[in-house]
Amino acid sequence: MKIVIIGNGKIGSNLAAVLVREGHDVTVVDCEEAHLRKSQNTLDVMCIEGNGATAETQLEAGVNKATLLIAATPYDELNILCCLIGKRLGAKKTISRVRMPEYYQQMHLIREDLGLSMVINPELSTADEIMRVLVFPSAAKVEVFGKGKLELVEYRLPDFPWLSGITLAELYKKIKTKFLVCAVQRDGDVMIPGGDFVMQSGDRIHVAASHKNIERFFRASGFMKDKVKTAMLVGGGRVGYYLAKQLLALGMKVKLIEKDRERCNELAERLPKAIVVWGDGTDQDLLIEEGVLEVDGFVALTGIDEENMIISLFAKDNTNAKVVTKISRENYIGLASDLGLDCVVSPKFLTMGNVLSYVRSLESTAGSEIESLYHLVGNQVEAIEFRVKERIPDLVGVPLKDVRLKKNILICAIIRKREIIIPDGSAVIELGDSVVIVSKEHHFSGLKSILD
């Protein structure tokens, strides 16, 4: 597809890189030459210097022939204007980045009038991700499928004696509940495991099940942690605001530390139930004074990755809190994991997953459509939810033991109305089901593509 991206900042440049890897014809527009230089040197994209909110620049970029226009500048109003002009010029679909809470809250009222196909809000997506982890603190990461019916949970296995040398088949017999380990990361390698896979402490496993069965799995295995009742957030930007609002709605006690006094006053007004503290959250003495040693959850949300990692390590080493770290730079994510920070969230990765899911849906083959897509273990594994819309030969109505799948693919769940099916060889995919696929080394836009 021909895709035009207006705004080549962190989000825009990362989207361009991902979409080029997917084989799309990408044109990037930005009014700053410096923003374009890196993409021009490292990516197979066309770069246009100019104001993306003008018809002249958009026509030069080929918006009139584009399947998709993505407006990802730092300014919400500009993004909306770019999409309006692009739609008038002939772009088939448009995506706008909208970050301001005041604007985002009313997007549902005017989205159709604006001709927007999708609205992305990286900060809200990040807050959603953190909220899910704080609600279920045993996990390092929680992804949801089937409108919340199925959860895919990441967890690092502790050094438990009973785990040593146990196969997955033995684990399934030992813990008598319906779940599936669908991906394992060990020493930098990623595996889609079979029943004979032998577990080791330190493995990062991804477990798929309903929320109730995920809880049963953690309780039965001894991994369950107490729920978070009190949370400390360091950094009062948009992510901090969205997250505090969500946690307060769940009944948690929230303390938010922000070093900008004017922003503190604004947050105190908007979040009357939260305790808002004016101070430097990287000051360890201040953290102790404000009660970091007693909280159940600690979230580092400053705009500087290094600061987030340092204060997260302090919280991890000195408290029993569930620690969550926001990191923007891709090359820091692996470092954070090596340092023992198990729960890391990246606004860029979340946004890329949302947009990629939509792009794959546009090019999806007949018979299925993508409902959601998540990247696991960085970008090494994908979990995709497909909706079965038509009868696909050799797949629909065929027992899974007789279905020939490509290598490194696992069907980890079938969602049928309100039922979650963790499939065995006798399970059958039916018309109308949602099917969750985990794959390594493959990028699918339709269910037919998983067949060998």
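Here the structure is shown first, and the text comes after it.
This is a predicted model, so every value here is computed, not measured.

Sorry, what's going on with a negative patch on the surface here?
Side chains of Asp280, Asp283, Asp285 and Glu289 sit close together on the surface and give a patch of like negative charge. By the secondary structure assignment, Glu289 is in helix H12 (residues 284–289). A relative accessible area of 65% means that Glu289 is categorised as exposed.

Quick question: what am I supposed to make of the packing of helix H1 (residues 10–21) against helix H15 (residues 347–362) here?
Geometrically, a packed helix pair is captured by the angle between its two axes and the distance between the axes. Between H1 and H15, the least distance of the axes is 10 Å, while the angle of their chain directions is 45°. If you check the angle between H1 and H15, you find them oblique. The crossing of H1 and H15 is right-handed. Where H1 approaches H15, its residues Lys10, Ile11, Asn14, Leu15, Val18 and Leu19 are matched on the opposing element by Lys348, Thr351, Met352, Val355, Leu356 and Val359.

Could you clarify how one ought to interpret the side chain of Glu123 in this entry?
Counting through the fold element by element, Glu123 comes out in helix H7 (residues 122–135). Those residues in contact with Glu123 that sit more than four places away from it in its chain are Arg99, Arg238, Val239 and Tyr242.

Explain the state of the cysteines here, please?
Note on terminology: a disulfide is the covalent bond linking the sulfur atoms of two cysteines. Counting across every chain of the model gives zero disulfides. Free cysteine: Cys412, not disulfide-bonded; nearest cysteine sulfur from Cys182 at 4.5 Å.

Would you mind going over the packing of aromatic side chains with me for this structure?
The relative placement of two aromatic rings is captured by the distance of their centres and the angle of their planes. The full count for this structure, using the stated rule, is 10 aromatic pairs. A ring pair is formed by Phe145 and Tyr374, whose centres lie 5.1 Å apart and whose planes are at 90°; its orientation type is edge-to-face. Of this pair, Phe145 sits in strand E7 (residues 141–145) while Tyr374 is found in strand E18 (residues 368–376), placing the two residues 229 residues apart along the sequence. The same class applies to Phe145 as to Tyr374, namely buried.

It is not clear to me how the packing of H7 against H15 should be interpreted in this structure. Could you clarify?
Here H7 crosses H15 at 105°, and the two axes come no closer than 9 Å. Judged by the inter-axis angle, H7 sits roughly perpendicular to H15. For the pair H7 and H15, the contacting residues are Pro122, Ser125, Thr126 and Glu129 in the first and Pro347, Leu350, Thr351 and Asn354 in the second. Split by residue class, the contact of H7 with H15 holds three nonpolar, four polar and one charged.

Sorry if this is basic, but what is going on with the pattern of salt bridges here?
Side-chain pairs of opposite charge can arise where the charged atoms are in close proximity. Using the criterion set out here, one finds 19 salt bridges in the structure. Across the salt bridge formed by Glu123 and Arg99, the nearest N and O atoms sit 3.2 Å from each other. Of the two residues, Glu123 sits in helix H7 while Arg99 sits in the loop between strand E5 (93–97) and helix H5 (101–104), which places them 24 residues apart along the sequence. Accessibility classification places Glu123 together with Arg99 in one group, the buried group. When the shortest N-O distance is used, the salt bridge between Glu143 and Lys141 registers 3.6 Å. Judged by its relative accessible area of 2%, Glu143 falls in the buried class. Note on Lys141: relative accessible area 19%, which makes it buried. One salt-bridge network, held together by shared partners, links Glu102, Arg263, Glu266 and Arg270.

Before we go on, may I ask you to explain the layout of surface pockets in this structure?
Vacant regions in the atomic arrangement are exposed by a probe of water-molecule size rolled over the atoms. The computed volume of the second largest pocket comes to approximately 900 Å³. If you trace the second largest pocket, you find 49 residues lining it, with Lys10, Arg97, Arg99, Glu123 and Arg238 closest to the centre. Those elements that place two or more of their residues in the lining of the second largest pocket are H1, strand E2 (25–30), helix H4 (76–89), H7, helix H10 (238–249), strand E13 (253–258) and H15. Within the lining of the second largest pocket, the residues separate by chemical class into 17 nonpolar, 19 polar and 13 charged.

Conventions adopted
Residues numbered from 1 in each chain as written. Predicted model: local features only at pLDDT ≥ 70, side-chain atom pairs only at ≥ 80, totals over all residues. Heavy atoms only, no water. Patch = residues over 30% accessible without salt bridge, like charges linked within 9 Å, V, L, I, M, F, W, Y side chains within 5 Å. Areas by Shrake-Rupley, 256 points an atom, 1.4 Å probe, with all protein chains shown as cover. Salt bridge = Lys/Arg side-chain N within 4 Å of Asp/Glu carboxyl O. Lys, Arg positive; Asp, Glu negative; His and termini not counted. Charge placed at Lys NZ, Arg CZ, Asp CG, Glu CD. Helix = DSSP H or I, 4+ residues; strand = E, 2+ residues; numbered from the N terminus. Buried < 20%, exposed > 50% of the residue type's maximum accessible area, 1.4 Å probe, protein only. Axes fitted to C-alpha atoms, helices over the stretch in contact; angles between N-to-C directions. Parallel < 35°, antiparallel > 145°, perpendicular 65-115°, else oblique. Left-handed = near helix turned anticlockwise from the far one by under 90°. Contact = heavy atoms within 4.5 Å. Disulfide = S-S within 2.5 Å. Phe/Tyr/Trp six-rings, centres within 6.5 Å; stacked < 30°, edge-to-face > 60°. Nonpolar A, V, L, I, M, F, W, Y, C, P; charged D, E, K, R; others polar. 1 Å grid on protein atoms, 1.4 Å probe; cavity = no way out; pocket = protein on both sides within 12 Å on 5 of 7 lines; lining within 4 Å. Points joined across faces, edges and corners; volume = space filled by probe spheres on them.

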